[in-house]
Amino acid sequence: NSVSFCKGYKRMNKFYVTTPIYYVNSYPHLGHVYTTIIADTVARYKRQRGSEVFFLTGTDEHGEKLERAAAARDLTPQAFVDEIAGEYKRTWAQLDIAYDDFIRTTEPRHEEVVAQLWRRLRDQGDIYSAPYEGLYCVACESFYLEKDLLPGNLCPDHKRPVEKVSEEGYFFRLSKYEQPLLDLYARCPDFIEPTKRMNEVRTFVQSGLKDLSVSRSSFKWGVPVPDAPGHVIYVWIDALTNYFSALQKPAVRQAFWGTAEQPQAIHLVGKEITRFHAVYWPAMLMAAGLPVPRKIVAHGWWTVDGEKMSKTLGNVVDPRTLAEDLS
């Protein structure tokens, strides 16, 4: 489909498309392949049409879940993520995915930009320290309200019990950006596609935004919070920043991010992470004075017996086996 443009936006002369960066708690499955093939197909089409294209994919390699998974195999977290990230690269090579860059969140080039963004938000007062208590799902690295859980305090996605987390931490003033986000959605009704996802996100924001917990001190495997020993940056600030950090070096890449009048990033995501990309990420960019993405495209899930295909649930299809069968 062609990309439409909201009021005030200029036509793009470059094309920047991203997949989510995939969480390396286990090997790639068919759901990851689906998003990546869509991105690859669109990137190839745009190149054939003469556009300057930058296609980014990669891996999300920090967080408590990975720290635990590595310990279960008696590996260091770095050794564990190196192994799984390598499997993603081998899978994309087997499927002839023609990406322009593969970003890993354990790379120094990424961690440096995450720390820079943190300092920028902190120094202007959009990050502050406060105690926090909440219900946390380790599998999806997300906090939940009790009303959003399944009976038995189970995560709605992973069907596993959540954990009560209580610690001193840092918060991002997400509530400050409630109206700016609603203004963005009004100005750009196609900012999130399909329309059903836009309606869900708009309703979520209209119901009132609370400030977002953005650090953890109960584990160590993450980007350290600048000037705060013992704290690591919450995985969603860390992970989301990859879309921007991958374009910082060499400097010629920076033009692919675009400007306020000509935003260029198109993020392809699964529907379960729409909120992070369509609410938290643009709010952080607004706070930092950076252009927001051009569009968030959220697709549905591959399912097995009516359940979402998930590495945590273990009901996955190995794409490498399928590729061998079809080759």
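Overview of the structure. (Residues numbered from 1 in each chain as written. Predicted model: local features only at pLDDT ≥ 70, side-chain atom pairs only at ≥ 80, totals over all residues. Heavy atoms only, no water.)

## Digging into helix H5 (residues 178–187)
Right, on to step 1. Within H5 the residues assigned to the buried category are Leu 181, Leu 182, Leu 184 and Tyr 185. Buried residues along H5 cover an arc of 155 degrees about the axis, so they all sit on one side.
Right, on to step 2. Buried-residue contacts for H5 involve strand E8 (192–193), helix H6 (195–206) and helix H9 (274–288). (Buried < 20%, exposed > 50% of the residue type's maximum accessible area, 1.4 Å probe, protein only. Helix = DSSP H or I, 4+ residues; strand = E, 2+ residues; numbered from the N terminus. Arc of directions from axis to C-beta. Contact = heavy atoms within 4.5 Å.)

## Considerations on the pattern of salt bridges
Right, on to step 1. For the structure shown, the criterion picks out 22 salt bridges.
Right, on to step 2. The partner of Glu 83 in a salt bridge is Arg 73, with the nearest N and O atoms 3.0 Å apart. Residue Glu 83 is found in helix H3 (residues 77–94), and its partner Arg 73 is found in the loop between helix H2 (64–72) and H3; the two are separated by ten residues along the sequence.
Right, on to step 3. Exposure remark for Arg 73: the relative accessible area of 43% places this residue in the partly exposed category.
Right, on to step 4. With its nearest N and O atoms 3.0 Å apart, the salt bridge here joins Asp 190 to Arg 294. Of this pair, Asp 190 sits in the loop between H5 and E8 while Arg 294 sits in the loop between H9 and strand E13 (295–299), and the two are 104 residues apart along the sequence. For the pair shown, Asp 190 and Arg 294 are each scored as buried.
Right, on to step 5. Overlapping salt bridges bring together Glu 64, Arg 68, Glu 163 and Arg 216 as one network. (Salt bridge = Lys/Arg side-chain N within 4 Å of Asp/Glu carboxyl O.)

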